[in-house]
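# Residue-level structural notes
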Amino acid sequence: MKKHARDRKRITLGAAVLVLSMLAAGCSQAAGMQLKPKGTTTEIKVEQSVAVATAAKTFTNKDNTIQLKQLSDKLWIQTTYKDIGDQKVPSNGLIVSTEAGLVLLDTAWDDTLMQEVMTMINQHIQKKVVLAVITHAHMDRIGGIKTLLDQGIKVQSSSLTARLALKQGYPEPSGVLDENPKFQVGETEFETYYPGAGHTVDNLVVWLPQTKTLFGGCVVLGSDATKPGNTDDAYIAQWPDSVRQLMTTYKEAKFVIPGHGTWGDYSLLQHTLDLLLAQRT
């Protein structure tokens, strides 16, 4: 991938900010993610070189609202569940283990869940959280930010997400990722990238080049999704092009993690594009 292809996509505080009214609702409606996909030719696979089934560990809390699942020695999926209507809706975050501590990609739905997630991290992963990255300003991505800040953990986002978070009543993350999209924690490299508007105007993804892992957040749909879910703040016309940009930029992706539902490999991007295009027919 070429540097200039990423740099020209950095977020700017354009006119969209002035007209945007983002809801605090989460990113995926239950109806869009509970069924197996139908009518799609895309086969979703799990990359066994990353998801080491024989070594994987899974921990849940007493009421099954939190799950920590180990994908490799460096990666854990944090899934939290929130009651929306008559269903429990899951939301995925990623926990990256580095030599200098843990990095969280997105928070739990709210501070109550986030506090328990932190307790489970202390019990089962037993490393300190040193940084969190917020990929956009919906509650399933940012709802637990106060818990992190109260514990002295740095929380970063794009400047646009920071503005939108403050507008919605959340504590403001540090909006430094526009100017510093690439950073390193310990020896682990992180690259944040803005593919264009889609699920929201501010949706970022995070690339881990050393493990070829793409955390797609809610711009990428899970393999069990049958439609895009919550589109209240979506840019439907632009979303497919943003996914195509991801497909071009991250051809090397071996593991792709969506904001909701089941994760997979590079083919998850094609699955997302298929569902978005199907909505137009």
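It should be noted that the structure appears before, not after, this text.
### Describing the sheet that holds strand β9 (residues 188-193)
- With mixed pairing, five strands are arranged side by side in an open sheet as β8-β9-β10-β11-β12. Each having just a single partner strand, β8 (182-185) and β12 (255-258) make up the two edges of the open sheet. With direction set aside, neighbouring strand axes in the sheet form an average angle of 20 degrees.
- With four bridges connecting them, strand β11 (residues 213-217) and β12 associate as parallel partners. Directly across from Thr 213, in β12, lies its bridge partner Phe 255.

### Considering the side chain of Asn 61
- Positionally, Asn 61 belongs in the loop between β1 (58-60) and β2 (66-70).
- Of the residues examined, Asn 61 reaches a relative accessible area of 7% and is grouped as buried.
- A polar contact is formed between the side chain of Asn 61 and the side chain of Glu 116, at a distance of 3.2 Å.
- Leaving out residues up to four positions away in the same chain, Asn 61 has contacts with Ile 66, Glu 116 and Met 120.

### Concerning helix α6 (residues 159-167)
- Listing the buried residues of α6 in full gives Ser 159, Leu 160, Thr 161, Ala 162, Leu 164 and Ala 165.
- Phi turns positive, to about 95 degrees, at Gly 169, one or two residues after α6.

### Regarding the environment of Leu 148
- Among the structural elements, Leu 148 can be located in helix α5 (residues 145-150).
- In this structure, the C-alpha to C-alpha distance between Leu 148 and Val 129, residues 19 residues apart in sequence, is 8.9 Å.

### Some points on helix α7 (residues 239-249)
- Among the eleven residues that make up α7, eight are buried, leaving the element largely enclosed by the rest of the structure.
- Considered for burial, the residues of α7 that qualify are Trp 239, Pro 240, Ser 242, Val 243, Gln 245, Leu 246, Met 247 and Thr 249.

### Here we look at the nonpolar core
- Judged by nonpolar contacts, the single largest core of 53 residues is most densely connected at Leu 94, Leu 104 and Ile 121.
- With seven residues, helix α3 (residues 111-125) is the single largest residue contributor to this core.
- Filtering out sequence-adjacent residues up to four positions away, Leu 104 remains in contact with Leu 94, Ile 95, Met 114, Met 118, Ile 121, Val 129, Leu 131, Ala 132, Val 133 and Leu 148.
- The next biggest cluster of nonpolar side chains, apart from the first, holds 21 residues, and it includes Tyr 193, Ala 234, Leu 246 and Leu 276.

Criteria and thresholds
- Residues numbered from 1 in each chain as written.
- Predicted model: local features only at pLDDT ≥ 70, side-chain atom pairs only at ≥ 80, totals over all residues.
- Heavy atoms only, no water.
- Pairing = 2+ DSSP bridges.
- Helix = DSSP H or I, 4+ residues; strand = E, 2+ residues; numbered from the N terminus.
- Axes fitted to C-alpha atoms, helices over the stretch in contact; angles between N-to-C directions.
- Buried < 20%, exposed > 50% of the residue type's maximum accessible area, 1.4 Å probe, protein only.
- Polar contact = N/O pair within 3.5 Å; in protein donor to acceptor, adjacent residues only side chain to side chain.
- Contact = heavy atoms within 4.5 Å.
- Core = buried A, V, L, I, M, F, W, Y, C linked by side-chain atoms within 4.5 Å.

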